[in-house]
Structure formats: C-alpha cells, structure tokens
Amino acid sequence: NNNIDAGGTAGDNTLGMALFAVGKSPDREVDLYIFGNNIRNLTERVIDVDQIGGRAHIERNVITTGTILGPTAGVAPDAIHVLGSGSYLIAHNSIVTEWAAGAGIRVQGNAGLSEAGAIVVDNDVTMSAPEGTVFGANSAAIEIRGMAPGNMVLNNRIRGRARAALAVIGPGTGTSGNNTFVSNDLDGFQSSLADVFVDASVTNTLVVGRQVRVEDHGIGTVLVTMP
C-alpha cells in the first residue's frame, strides 16, 4: 500500500522497488509480498525481483510508467521484471507502460540464473506508446526470456500497441521450453511484429486463445485457436 511517484529525467535511472538475493533455499526461505502499491513515473524497472530463495507474490499493484525513459545501458525497462530462482506469482496487477522499449511483465532466466515455474495470471496490461512509435526489439506486453522453462501465462488482458503482445525469446543456449499461454485476451491490441512471437531455439510452447497473428520460429510449438 505504498504510493510512489519517483519522477526523473532521461539522464536518471529511477526504480520503484528492487530486491536481489533475498532468502536461501532450502532452510532460510522467504515469503515476499509486494502488494497493493501505486507506483508511477519511473525511468527504469518499476518492480524488479531477482534470485529469490522462496516465494514471491506480486499482486494488485497499479503501475503507470510515464513517458520518460532513462539511460538503461542495456537493461530492459520493464514494469514488472523477475529473474532467476524463486517461485513467482504475478497476479491482478494493472500496468500502463508508455515506453517504446521493454515489457509490461518480463519473466527471465540467464546463464547461472535460470528461472522456472512462474504463474502470470489475471493482469491488465496496457501498452500505450503513441501511434507511430518505432518499438525496440524487447517490446512486448508479456515476455518470457532466456533460460526460463515451465512458466504459465493465463487469463491476462492486453491492450494498446507494442512489438508483440506475448513473446518467448530463446537464450541461444540452455533451455527455454514448455511454456504455456492460455486464454489471454488480445482484443484491440495492435502489434508491429506479431500478436504472439516464438523465437528460434524455443521448444514446446503451447498457445491457446484467439490470437490472430502468430510468428513461430520455435520447435514443437502447439497453437490451439479458440472461436
């Protein structure tokens, strides 16, 4: 229930909440709750949770990024970003991102910081960059990236415009497979690349929904179109 209005210029990196390496499995695990916060006008990641020993619940937050993007130096400016170990539930958040780059929600694993098993459910994500915006390669409403297998993206409502609504981006090496996208509402969303993008080297992605434009470079992708 915090109310954060950070501000900042294009020369600043302002974040909302950042937690790194909290808890230790199996004997010192944590239950982390980021709940009911109103966070706005950031120039970098709004909620950033990395390498948790235990469980992280990111629920019912209201995020409005603002239009100003700071000097990210290669860091994707995501509204909600989780990376590495931990059990993640990202649910019932309302996100408005006005940036041309980054994701509304990004679930990520890197070499040595693999991630698995996040549940992203019942979020409202609006990508509201101005019409005519040229989107960055990491622009997506909800993205799974890198060594991040076995995640579930369910019943999210996505509006606005971005490079893609849903994306799975491969790591080049390692494992990024067995991710599931089910019953996400993309009505009215405008993608510059595809509504659903599955990258090369990504395996066994299941997509169930009313997706219109799918660009699939993966292996073993299953697309089930609902009426």
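Everything discussed here concerns the structure shown above.
Let us look at the structure shown here.

Criteria and thresholds
- Residues numbered from 1 in each chain as written.
- Predicted model: local features only at pLDDT ≥ 70, side-chain atom pairs only at ≥ 80, totals over all residues.
- Heavy atoms only, no water.
- Helix = DSSP H or I, 4+ residues; strand = E, 2+ residues; numbered from the N terminus.
- Buried < 20%, exposed > 50% of the residue type's maximum accessible area, 1.4 Å probe, protein only.
- Contact = heavy atoms within 4.5 Å.
- Lys, Arg positive; Asp, Glu negative; His and termini not counted.
- Charge placed at Lys NZ, Arg CZ, Asp CG, Glu CD.
- Core = buried A, V, L, I, M, F, W, Y, C linked by side-chain atoms within 4.5 Å.
- 1 Å grid on protein atoms, 1.4 Å probe; cavity = no way out; pocket = protein on both sides within 12 Å on 5 of 7 lines; lining within 4 Å.
- Points joined across faces, edges and corners; volume = space filled by probe spheres on them.
- Nonpolar A, V, L, I, M, F, W, Y, C, P; charged D, E, K, R; others polar.
- Salt bridge = Lys/Arg side-chain N within 4 Å of Asp/Glu carboxyl O.
- Pairing = 2+ DSSP bridges.
- Axes fitted to C-alpha atoms, helices over the stretch in contact; angles between N-to-C directions.

Let us look at the overall build of the chain. Counting its secondary structure elements, the chain contains zero helices and 21 strands. Taken along the three principal axes of its C-alpha coordinates, the chain extends 50 × 40 × 30 Å. In the chain, which comprises 227 residues, the share counted as buried stands at 47%. Sequence separation of at least 24 residues holds for 74% of the intrachain contacts in the chain that already meet a minimum separation of 6. Averaging the coordinates of the 14 positive side-chain charges in the chain and doing the same for the 22 negative ones gives two points 1 Å apart.

Let us look at the nonpolar core. If you look at the biggest cluster of nonpolar residues, it comprises 42 residues, and the most contacted ones within it are Ile47, Val49 and Ile158. Per-element tally for this core: the top contributor is strand S16 (residues 157–169), with five residues. Once residues lying within four places of it in the same chain are set aside, the contact partners of Ile47 are Met17, Ile34, Ile39, Ile58, Asn61, Ile63, Ala79, Ile80 and His81.

Bringing empty space enclosed by the protein into the picture now. Counted by the stated rule, this structure contains one cavity of 30 Å³ or more. Considering only enclosed or pocket space, the largest cavity measures out at about 40 Å³ in volume. Looking at the largest cavity, the residues that line it are Leu166, Phe181, Asn184, Leu186, Val207, Val208, Gly209, Arg210 and Gln211. In the lining of the largest cavity, the residues fall into five nonpolar, three polar and one charged.

Moving on to unusual backbone geometry. Cis geometry marks the peptide bond from Ser25 to Pro26; its omega dihedral reads 0°. Residue placement: Pro26 occurs in the loop between strand S2 (17–20) and strand S3 (30–35).

All right, on to the pattern of salt bridges then. Under the defined criterion, the tally for this structure stands at 10 salt bridges. With a closest N to O distance of 3.6 Å, Asp48 and Arg45 form a salt bridge. Per residue, the accessibility class of Asp48 equals that of Arg45, and both read buried. Arg159 is the salt-bridge partner of Asp185, the closest N and O atoms lying 3.1 Å from each other.

To continue, consider the sheet that holds strand S15 (residues 152–154). What links the strands of a sheet is backbone hydrogen bonding, and the strands pair in either a parallel or an antiparallel sense. Pairing in this open sheet of eight strands is parallel, and the strands run S3-S6-S9-S12-S15-S17-S19-S21 from one edge to the other. Every interior strand has two partners, whereas the edge strands, S3 and strand S21 (222–225), have only one. If you compare each strand with its neighbour and ignore which way they point, the axes differ by 5° on average. Note: strand S17 (residues 180–182) against strand S19 (residues 206–209), three bridges, orientation parallel. From the neighbouring strand, Phe181 faces S19, where its bridge partner is Val207.

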